[in-house]
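# Inside the fold
Residues per chain, in single letters:
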Amino acid sequence: MRLYVVVAAGGFRRYATYRVATLAGVFTNTVFGFIVAYTYTALWDERPRLGGYDLSQAVTYVWLGQALLMTCAMMGGGFEEELIERIRTGDIAVDLYRPADLQLWWMAGDLGRAAFHLLGRGIVPMVLGAFAFELALPTDPLTWLAFLFAVLLGVVVSFAIRFLVAISAFWLMDGAGVAQMAMLAGMFFSGLLLPLNLFPGLLGEVARALPWSSLLQVPADVFLGRHTGWDLAGAYAFQAGWALALLAVGRLLQTVATRRVVVQGG
């Protein structure tokens, strides 16, 4: 366990070294936050209580999306490009022979990455948004803790999806196409473009049932107080269920790939 804590800390430090990139990311998230917030303001002026949110909640949702965009890697990014390249070049064989679990190793590093982005690129845009707009910020500290736990589960679900994307390179040799499809699905089905509550009929039901909703829609609704009591437990169970299922599939594919490498190496 200590090994993976060290790996997570290393992942945090790795992204903390890119200070200029972090400042550029904060600037970008803030600018897009203002653009989308004013768009939402115009939309909610025409359609009050759209999706069950009032204007303050809708604008808060926008800034939560900007805060969690990189934290939960809704558009991809992080470890998968590096892992795909290691699979393509054959360097993955070295990783598989190390006395460490491949999936846990990359997950620990990704948790460190997520922690840095939450602090480095999440807080500042949210604070600036709070100065410019009336945000629906929780007054109960327990709501903030519940939100952070939902974010943690969202990060794990995000990792599990991206691990599957990366490990597909064992069979495809080039995971770029799968990564592109996952990025588009993440943008659409996480609620980044529009809250999933606005999606009509069957599309909305399907979108809310998919794992990508764990990345933004569920944490945002926890933050906005729409999940409380047993409903909150249900939201956590939804996220945890997808995390366990996707991690299990990833571990199965990892096992198959490891045997394949061992047979080819032998």
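For the structure itself, look to the data block above.
Residues numbered from 1 in each chain as written. Predicted model: local features only at pLDDT ≥ 70, side-chain atom pairs only at ≥ 80, totals over all residues. Heavy atoms only, no water.

### Side note on the pattern of salt bridges
Selection rule: Salt-bridge detection follows one rule: a side-chain nitrogen of Lys or Arg within 4 Å of a carboxyl oxygen of Asp or Glu. Helix and strand definitions here come from DSSP, where helices need a minimum of 4 consecutive H or I residues and strands a minimum of 2 consecutive E residues; each element is numbered from the N-terminal end. Whether a residue is buried, partly exposed or exposed follows from its accessible area with a 1.4 Å probe, protein chains only, as a fraction of its type maximum: under 20%, in between, or over 50%, in that order.
One pass over the structure, following the stated rule, counts eight salt bridges. Where arginine 251 meets aspartate 101, a salt bridge forms, and the shortest distance between an N and an O atom there is 2.7 Å. Residue arginine 251 is located in helix 12 (residues 229-265), and its partner aspartate 101 is located in the loop between helix 5 (92-96) and helix 6 (102-132); the two are separated by 150 residues in the primary sequence. The class of arginine 251 is partly exposed, set by a relative accessible area of 32%. Between aspartate 110 and arginine 162 there is a salt bridge; the shortest N-O distance is 2.5 Å. With a gap of 52 residues between them, aspartate 110 in helix 6 and arginine 162 in helix 7 (residues 141-167) connect regions that are remote in the sequence. Using a relative accessible area of 3% as the deciding quantity, one classes aspartate 110 as buried. Three or more residues joined by partner-sharing salt bridges are found here, namely Glu80, Asp110, Arg113 and Arg162.

### Quick look at the packing of aromatic side chains
We describe a pair of aromatic rings using the distance from one ring centre to the other and the angle between the two ring planes. Cut-off, in case you're wondering: When two rings of Phe, Tyr or Trp (its six-membered ring) have centres within 6.5 Å they constitute a pair, described as stacked for plane angles under 30 degrees, edge-to-face for angles over 60, and tilted for the intermediate range.
Inspection of every chain in the model, using the stated rule, returns 18 aromatic pairs. Residues phenylalanine 170 and tryptophan 171 carry aromatic rings whose centres are separated by 6.0 Å and whose planes lie at 70 degrees to one another, so their mutual orientation is edge-to-face. Accessibility expressed as a relative area gives 7% for phenylalanine 170, which makes it buried. Taking the relative accessible area as the measure of exposure, tryptophan 171 reaches 41% and is therefore partly exposed.

### A short note on helix 6
A turn of α-helix holds 3.6 residues, and therefore any two residues three or four places apart point the same way. What counts here: What a helix is expected to span follows from its residue count: subtract one and scale by 1.5 Å. A residue's bend is simply the angle between two axes: one fitted to the seven residues ending at it, one to the seven starting at it. Polar contact criterion, stated in full: a pair of N or O atoms within 3.5 Å, where within protein one must be able to donate a hydrogen and the other to accept it, and residues adjacent in sequence count only if both atoms are side-chain atoms.
Taking 1.5 Å of rise per residue, 31 residues should cover 45 Å, and helix 6 covers 44 Å from first to last C-alpha, within 8% of that figure. At glycine 122, helix 6 shows its strongest bend, of approximately 35 degrees, with the proline proline 125 following within four residues. The opening residue of helix 6 is aspartate 101, an N-cap whose side-chain oxygen sits 3.1 Å from the backbone nitrogen of glutamine 103.

### Quick notes on the packing of helix 2 (residues 19-46) against helix 6
For the record, the criterion: The convention used is that axes are lines fitted to C-alpha atoms, helices contributing only their stretch in contact, and that angles between N-to-C directions extend from 0 to 180 degrees. Handedness of a crossing is defined here by the sense of rotation of the near helix relative to the far one, left-handed for an anticlockwise turn of less than a right angle and right-handed for a clockwise turn. Residue contacts are counted whenever heavy atoms from the two residues lie within 4.5 Å of one another.
At a closest axis distance of 9 Å, the pairing of helix 2 and helix 6 adopts a crossing angle of 35 degrees. The two elements helix 2 and helix 6 meet at a crossing, and its hand is right-handed. Within the contact between the two elements, helix 2 uses Thr22, Gly25, Val26, Asn29, Thr30 and Phe34 and helix 6 uses Phe116, Gly120, Arg121, Val124, Pro125, Leu128 and Ala132.

### Comments concerning the side chain of threonine 71
Summarising the element assignment, threonine 71 is placed in the loop between helix 3 (55-68) and helix 4 (80-89). With a relative accessible area of 1%, threonine 71 lands in the buried category. Looking at threonine 71, its side chain comes within polar contact range of the main-chain oxygen of alanine 67, at 3.1 Å. What threonine 71 contacts, discounting residues up to four positions off in sequence, is Arg113, Ala114, His117, Leu118, Val151 and Val155.

### Section: unusual backbone geometry
Although it is not a glycine, arginine 49 adopts a positive phi angle of roughly 65 degrees. With respect to the helices and strands, arginine 49 occurs in the loop between helix 2 and helix 3. Despite not being glycine, alanine 73 has its phi angle at roughly 45 degrees, a positive value. Residue placement: alanine 73 occurs in the loop between helix 3 and helix 4.

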